[in-house]
Amino acid sequence: MKNYLYIFLVLSLIIPVSINAEDFLGAPLVPGGTIIQKTEKQLELKTELSHAEALAFYKEALKDFKDIKFREWKEATYIEDDGKLTWHSITISKEDKAGTTIVVMKDSWTWIIGTLILRYIGVFVVLLFLLLGMIISGAIISKAVKKREAKKGDS
């Protein structure tokens, strides 16, 4: 009975390590990839898979998340989480001769605050254009009404 307890204890320590080896900040990693650079905020890995295979892996792995957006760029595919996951983006480079590079970035407050500031400024720019449009249309309508009243007065 003690042997089973020791085996269970060893397995319970080993299995979580092997499960966590396949993700970074909760983002799944392509199996068999070679880690090029890893910091607290970013992981860069190289894989022998083609861009299409890596993209298919991520589409399958992330299909259950509702706030994931896939963006096709000329040089890469950008996968972005607009929800509350720990990671912010996964960038899958288009193929080169050495393989596909995958970069996983951590969500940062700098990005979050920057986005909010840009949206805040954007709202006021839109309101400014609406105000200018209303001022111009008001001036045009006022002149048209004055001309019409002047014509009525002359008659």
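Residues numbered from 1 in each chain as written. Predicted model: local features only at pLDDT ≥ 70, side-chain atom pairs only at ≥ 80, totals over all residues. Heavy atoms only, no water.

**As for the overall build of the chain**
Point 1. Across its full length, the chain holds three helices and eight strands.
Point 2. Each helix and strand of the chain, placed in order from N terminus to C terminus, yields the pattern α-β-β-β-β-α-β-β-β-β-α.
Point 3. With 155 residues in all, the chain has 23% of them scored as buried.
Point 4. Accessible area for the chain stands at about 11,900 Å²; split by element, carbon and sulfur atoms hold 65% of it. (Helix = DSSP H or I, 4+ residues; strand = E, 2+ residues; numbered from the N terminus. Buried < 20%, exposed > 50% of the residue type's maximum accessible area, 1.4 Å probe, protein only. Areas by Shrake-Rupley, 256 points an atom, 1.4 Å probe, with all protein chains shown as cover.)

**Describing the side chain of His-51**
Point 1. Tracing the backbone through its elements, the reader meets His-51 in helix α2 (residues 51-61).
Point 2. Residue His-51 is classed as buried on the basis of its relative accessible area, which comes to 9%.
Point 3. A polar atom in the side chain of His-51 sits 2.6 Å from the side chain of Thr-77.
Point 4. Setting aside chain neighbours within four positions, we find His-51 in contact with Glu-72, Thr-77, Ile-92, Ser-93, Lys-94, Glu-95 and Thr-100. (Polar contact = N/O pair within 3.5 Å; in protein donor to acceptor, adjacent residues only side chain to side chain. Contact = heavy atoms within 4.5 Å.)

**Brief notes about the confidence of the model for the chain**
Point 1. Averaged over all residues, the pLDDT of the chain is 84; the fraction at 70 or higher stands at 86%.
Point 2. Ignoring residues within four places in sequence, the model shows residues 16-21, a span with pLDDT below 50, making two contacts including any to other chains. (pLDDT = per-residue confidence, 0-100.)

**Points about the nonpolar core**
Point 1. By size, the foremost hydrophobic cluster in this structure holds 17 residues, and its most contacted members are Tyr-58, Ile-79, Trp-87, Ile-90, Ile-92 and Ile-102.
Point 2. Looking at this core, the elements that each hand over two or more residues are β4 (42-47), α2, β7 (87-93) and β8 (100-106).
Point 3. Those residues in contact with Ile-90 that sit more than four places away from it in its chain are Ala-27, Tyr-58, Leu-62, Thr-77, Tyr-78, Ile-79, Ile-102, Val-103 and Val-104. (Core = buried A, V, L, I, M, F, W, Y, C linked by side-chain atoms within 4.5 Å.)

**Details of the packing of aromatic side chains**
Point 1. Under the criterion given, the structure shown has three aromatic pairs.
Point 2. Pairing Phe-57 with Tyr-58 gives two aromatic rings, centres 5.1 Å apart and planes at 80°, and the pair type is edge-to-face.
Point 3. Their ring planes at 10° and their centres at 4.7 Å tell us that Trp-73 and Tyr-78 sit as a pair that is stacked.
Point 4. The class for Trp-73 is partly exposed, based on a relative accessible area of 45%.
Point 5. A residue is classified by how much of its surface remains accessible, and Tyr-78, at 13% relative accessible area, is buried.
Point 6. The aromatic ring of Phe-70 is capped on one face by Lys-59, whose charged end is 5.6 Å from the ring centroid. (Phe/Tyr/Trp six-rings, centres within 6.5 Å; stacked < 30°, edge-to-face > 60°. Lys NZ or Arg CZ within 6 Å of the ring centre and 35° of its normal.)

**Focus: the environment of Phe-65**
Point 1. As for its placement among the helices and strands, Phe-65 is situated in the loop between α2 and β5 (68-72).
Point 2. Classification of Phe-65 by relative accessible area gives partly exposed; the value is 39%.
Point 3. Sequence-wise, Phe-65 and Leu-85 are 20 residues apart; in three dimensions their C-alpha atoms are separated by 9.7 Å.

**Observations regarding the sheet that holds β8**
Point 1. Read from one edge of the open sheet, six strands run β3-β4-β8-β7-β6-β5, paired in antiparallel fashion. Bordering the open sheet on either side are β3 (34-38) and β5, each of which pairs with just one other strand. This sheet shows a mean twist of 15° between the axes of neighbouring strands, independent of strand direction.
Point 2. The pairing of β7 with β8 spans five bridges and is classified as antiparallel. Opposite Ile-92, over in β8, you have Ile-102 as the bridge partner.
Point 3. The sheet strands contacting α2 are β5, β6 (76-81), β7 and β8, and the helix crosses β7 at an angle near 155°. (Pairing = 2+ DSSP bridges. Axes fitted to C-alpha atoms, helices over the stretch in contact; angles between N-to-C directions.)

**Re the pattern of salt bridges**
Point 1. The full count for this structure, using the stated rule, is four salt bridges.
Point 2. In this structure, Lys-69 engages Asp-82 in a salt bridge whose closest nitrogen and oxygen atoms are separated by 2.8 Å. Separated by 13 residues along the polypeptide, Lys-69 in strand β5 and Asp-82 in the loop between β6 and β7 bring together distant segments of the chain.
Point 3. Judged by relative accessible area, which is 39%, Lys-69 ranks as partly exposed. (Salt bridge = Lys/Arg side-chain N within 4 Å of Asp/Glu carboxyl O.)

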